[in-house]
Amino acid sequence: MKVAARLCNLLMFTTISFLLLFSGLAVDVDSKDYDYFATTKCITEPHKAQYGGGIIVNPEFDHNIQSWTVFGNATIEKGLSNKGNSFIVASNRTQTLDSFSQKVQLKKELIYMFSGWFQLSEGRDLVSVVFKINGSELVYGGHVTANNGCWSLLKGGIVANFSSSAEILFESNNPNVEIWADSISLQPFTKEEWRSHQDNNIQRVRKSRVRFHVSNENETALEGAKVVVKQTKANFPFGCGMNYHILTNRDYQEWFASRFKYTTFTNQMKWYSTEIIRGQENYTIPDAMMKFTKENGISVRGHNIFWEDEKYQPEWVKSLTPEELREAAAKRIKSVVTRYKGELIAWDVMNENVHFHFYEDKLGENASELYYLRAYELDPTTTLFMNEYNTIEYSGDKVASPANYFNKLEEILQSPEASKMPFAIGLQCHFASGRPNLAYMRSGLDFLGETGFPIWLTETSVDPQPEQAEYFEEILREGYSHPAVEGIIMFAGPAQAGFNSTLLADANFQTTPTGKVVDKLISEWGIGPYTTITDGRGIVDISLHHGDYDVTVTHPLTQQSEKLNISVGKEFSHKNIHVKMHA
């Protein structure tokens with residue numbers, strides 16, 4: 001631990017000892033615990049049902065297929081593994097939804113976590129859990145890539161907007177294969193229980209307990225000493241998108257620099273911004289924005305080297321032949337990566353390459369991998385992100401589901417060279433109107449977190465609606481509290497900078513309700529200051545978010561003070577530090 005002590009306003013005849021004890025601080029809450037287990041592996045035998053199956057009846061098929069019914073034209077029966085494990089089989093399918101089902105009762109505002117293990121009789125395909133509500137509405141709850149010969153865990157869920165009965169269905173895109181399932185669970189949580197999971201994780205993952213022990217020169221405990229702690233730097237990156245208006249709008253500059261130390265330029269580094277006309281590169285605006293961020297101690301994520309969506313290519317790129325495109329792309333990646341080498345904390349290399357594949361269609365299936373390798377070669381210290389939308393925010397988009405995101409990730413990292421890259425997972429988190437499906441969001445983070453790669457929420461926003469501030473807070477808390485998430489960038493801002501979706505300040509720079517949520521979380525997640533008084537033992541215990549802090553301790557009688565700087569981090573578990581200051 002780095003602890004710098006500055007001697008000023010020395011206390012006469014007094015010694016102040018600071019004992020810092022760093023450890024996780026658990027909170028006991030009388031609620032159902034959440035099971036964060038997930039796996040990207042396909043295993044020989046399924047695990048037991050999470051939560052004992054929750055509200056699912058006969059979740060492990062110990063009683064044949066009792067309480068399960070046919071949906072569509074399938075035939076359902078009990079299967080038995082070589083080790084005697086029971087499961088359910090749907091065969092003779094002709095439609096994607098032909099399978100087995102069970103009816104449940106959903107209660108308004110409860111959050112339902114689904115899990116189950118799946119296998120196919122042959123091949124490999126995406127299997128989805130679907131909730132049929134209102135008699136006909138189909139709501140996807142999650143997806144997994146199922147295989148023949150081993151079991152894959154599907155995690156997902158649904159948030160009930162109203163009380164109703166629902167039928168749980170299962171879908172495979174290929175109706176010619178049998179669907180096998182086991183250990184199916186549906187566990188409800190109240191909003192209060194969900195919040196308790198978040199708070200417990202924040203205490204465990206984002207904070208550490210600090211003990212200050214204050215005594216006089218003869219080591220007698222000093223009761224009533226005031227300890228003031230103020231964060232100077234947070235360890236968790238919580239930032240905001242930035243655009244070119246920052247260069248000319250003084251109010252925008254002050255608003256941004258007073259709140260955020262991390263950013264992503266929304267458009268200014270993209271190819272269609274830096275080379276509008278072929279052969280005429282212009283980095284004037286991103287260079288000026290980089291100058292502003294450096295002057296204000298703001299770290300920048302590079303966004304992006306390439307964008308796989310054809311409509312967002314520079315106009316002149318769209319008509320290039322494959323050979324011309326290969327030449328132009330080689331020039332582009334070398335130009336932008338070398339220009340900002342060592343100045344960025346990240347690069348979104350092939351933006352949205354789960355949904356789109358412009359370069360792979362033109363240049364071959366391994367184009368994504370090759371450009372990641374080239375970016376790594378040009379700047380080996382900058383973290384390279386796979387940045388995608390709808391992976392955790394919208395369960396209805398099967399294309400970019402966590403399962404398919406993982407499949408693409410494996411494809412890019414398949415070579416020994418690629419596996420050496422500093423790689424990270426970028427999830428955009430653009431939420432549409434309506435209550436966010438936090439069950440789907442959390443299950444996706446559980447699943448992708450099992451890769452071991454850092455996860456960032458890279459472009460977090462919520463569409464305008466009366467409940468925008470409430471929903472935005474739910475999403476930000478879910479991200480900050482999840483153990484796998486290591487950074488959050490919002491694509492939001494003030495009206496004067498042209499933001500019109502997730503507004504944080506209006507045209508007069510008055511803070512909006514959504515902006516007040518952001519300011520509240522910035523304060524709650526560490527800024528302080530925190531003021532406490534030592535007890536009769538001369539002790540103060542404070543649970544602090546990880547980061548750097550200025551600490552001031554004031555004598556209760558003379559008002560003279562001692563100051564020091566401390567760093568609080570998860571790596572400093574149970575470390576004792578004594579700092580003695582003599583008059």
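Position numbers for residues count from 1 along each chain, tracking the sequence in the order it is written. Local features in this predicted model are restricted to residues of pLDDT 70 or higher, and side-chain atom pairs are both shown and tallied only at a pLDDT of 80 or more, whereas totals for entire chains, interfaces and linings draw on every residue. Computation of side-chain values: all heavy atoms of the structure, hydrogens and water removed.

Trainee: How should the overall build of the chain be read in this particular structure?
Mentor: Secondary structure follows DSSP: runs of H or I at least 4 residues long count as helices, runs of E at least 2 residues long count as strands, and numbering of each begins at the N terminus. Along the backbone of the chain there are eleven helices and 30 strands. Throughout, the radius of gyration refers to the C-alpha atoms, and the reference size of a globule is 2.2 Å times the residue count to the power 0.38. Over its C-alpha atoms the chain spans a radius of gyration of 27 Å, differing by no more than 12% from the 25 Å that the globule rule assigns to 583 residues. Principal-axis analysis of the C-alpha atoms places the extent of the chain at approximately 90 × 65 × 50 Å. Out of the 583 residues belonging to the chain, those deemed buried represent 56%. Any two residues having at least one pair of non-hydrogen atoms within 4.5 Å are treated as being in contact. Within the chain, contacts between residues separated by at least 24 positions form 77% of all contacts whose residues are at least 6 apart in sequence. For the chain, the exposed surface amounts to about 24200 Å²; the carbon and sulfur share of it is 48%. Side chains of the chain give 55 positive and 70 negative charges; the mean places of these two sets differ by 5 Å. Classification of residues uses two cut-offs on accessible area relative to the type maximum, computed with a 1.4 Å probe and protein chains only: under 20% is buried, over 50% is exposed, and between them is partly exposed. Using the Shrake-Rupley algorithm and a 1.4 Å probe, accessible areas are obtained, with residue cover drawn only from the displayed protein chains. Positive residues here are Lys and Arg, negative ones are Asp and Glu, while His and the chain termini are left out of the count. By convention, the point assigned to a charge is CZ for Arg, NZ for Lys, CD for Glu and CG for Asp.

Trainee: Got a minute to help me understand the sheet that holds strand β10 (residues 152-159) in this structure?
Mentor: Hydrogen bonds between backbone groups are what pair the strands of a sheet, and the pairing can be parallel or antiparallel. Should DSSP find at least two bridges between two strands, the strands are regarded as paired. Sheet architecture is open: five strands sit in the order β4-β5-β12-β7-β10, paired in antiparallel fashion. The two strands at the open ends of the sheet, each matched to only one other strand, are β4 (75-80) and β10. Going across the sheet, the axis of each strand differs from the next one's by a mean of 35°, ignoring polarity. In this structure, strand β5 (residues 86-91) lies alongside strand β12 (residues 179-189), joined through three bridges in antiparallel fashion. Bridging from a neighbouring strand, valine 89 pairs with tryptophan 180 of β12. Geometry is summarised by axes, namely lines fitted to C-alpha atoms with helices restricted to the contacting stretch, and by angles between N-to-C directions that run from 0 to 180 degrees. Where helix α1 (residues 191-206) meets the sheet, it contacts β7 (111-120) and β12, and its direction lies at approximately 95° from that of β12. Lying over the sheet, helix α9 (residues 438-449) contacts β7 and β10, oriented at roughly 155° with respect to β10.

Trainee: What's the story with a nonpolar patch on the surface in this structure? I'm lost.
Mentor: Patch construction takes residues with relative accessible area above 30% that form no salt bridge. Like charges are linked within 9 Å, and nonpolar side chains (Val, Leu, Ile, Met, Phe, Trp, Tyr) are linked within 5 Å. We define a salt bridge as a contact between a side-chain nitrogen of Lys or Arg and a carboxyl oxygen of Asp or Glu at a distance within 4 Å. Judged by side-chain polarity, Tyr244, Leu247 and Ile285 come together as a nonpolar surface patch covering roughly 250 Å² of accessible area. Mapped onto the elements of the fold, isoleucine 285 is located in helix α4 (residues 284-295). Exposure remark for isoleucine 285: the relative accessible area of 38% places this residue in the partly exposed category.

Trainee: What is the right way to read the pairing of strand β9 (residues 137-147) from this model?
Mentor: Here is the key point about a regular strand: its side chains alternate between the two faces of the sheet. With eight of eleven residues buried, β9 is to be regarded as a mostly interior element. Note: strand β8 (residues 124-133) against β9, ten bridges, orientation antiparallel. By the bridge assignment for β9, leucine 126 is matched with threonine 145. In this antiparallel pair of consecutive strands, β8 and β9, the connection spans three residues, and asparagine 134 shows a positive phi of 55°.

Trainee: Can you help me understand the state of the cysteines in this one?
Mentor: Cysteine pairs can be linked by a disulfide, which is a covalent bond between their two sulfur atoms. The disulfide criterion used throughout: a pair of cysteine sulfur atoms within 2.5 Å. For the structure shown, the criterion picks out one disulfide. Between cysteine 42 and cysteine 150 runs a disulfide, and the two sulfur atoms are separated by 1.9 Å. What sets the handedness of the cysteine 42 and cysteine 150 disulfide is the S-S torsion sign, and at about 100° it is right-handed. With cysteine 42 in the loop between β2 (16-19) and β3 (69-71) and cysteine 150 in the loop between β9 and β10, this pair connects stretches of sequence that are 108 residues apart. For cysteine 150, a relative accessible area of 15% puts it in the buried group. The thiol sulfur of cysteine 240 is not disulfide-bonded, and the nearest other cysteine sulfur, from cysteine 429, lies at 14 Å. Since its relative accessible area comes to 0%, cysteine 429 is described here as buried.

Trainee: Explanation requested: the packing of helix α10 (residues 468-481) against helix α11 (residues 513-527) in the structure shown.
Mentor: Each packed pair of helices is defined by two parameters, the angle between the axes and the distance between the axes. In the contact formed by α10 and α11, the axes pass within 8 Å of each other and the chain directions differ by 30°. Taken together, the axis directions place α10 and α11 in an arrangement best described as roughly parallel. Crossing hand, α10 versus α11: right-handed. Judged by residue contacts, Gln468, Ala469, Phe472, Glu473, Leu476, Arg477 and Tyr480 of α10 engage Pro513, Thr514, Val517, Val518, Lys520, Leu521, Glu524 and Trp525 from α11. Residues were grouped as follows: Ala, Val, Leu, Ile, Met, Phe, Trp, Tyr, Cys and Pro as nonpolar; Asp, Glu, Lys and Arg as charged; and all remaining residues, including Gly, as polar. Residues belonging to the contact of α10 with α11 are distributed by class as follows: nine nonpolar, two polar and four charged. Angle categories are assigned with fixed cut-offs, so that under 35 degrees is roughly parallel, over 145 is roughly antiparallel, 65 to 115 is roughly perpendicular, and the rest are oblique. Helix crossings are classified by the rotation of the near helix relative to the far one: an anticlockwise turn of less than a right angle makes the crossing left-handed, while a clockwise turn makes it right-handed.

Trainee: Which parts of the structure should I look at to understand the side chain of serine 115?
Mentor: Mapped onto the fold, serine 115 is located in strand β7. On the basis of relative accessible area, serine 115 is assigned to the buried category, the value being 2%. In the analysis that follows, any N or O atom pair within 3.5 Å is treated as a polar contact, provided that within protein one partner can donate a hydrogen and the other can accept it, and provided that, for residues neighboring in sequence, both atoms belong to side chains. Of note is the side chain of serine 115, whose polar atom sits 2.9 Å from the side chain of glutamine 50. In this structure, serine 115 is in contact with Gln50, Leu153, Leu154, Lys155, Ser183, Ile184 and Ser185, ignoring residues within four places of it in sequence.

Trainee: Can you help me understand the confidence of the model for the chain in this one?
Mentor: It should be kept in mind that the predicted coordinates are not to be read in detail where pLDDT is low. Each residue carries a pLDDT score, the predictor's confidence in it, ranging from 0 to 100. Confidence in the prediction of the chain, expressed as mean pLDDT, is 92, and 93% of residues score 70 or more. Note that pLDDT drops below 50 for residues 1-30; the model gives that stretch 119 contacts with residues more than four away or on any other chain. Below pLDDT 50 for its whole length, residues 574-582 participates in 36 contacts with residues either more than four positions away or in separate chains.

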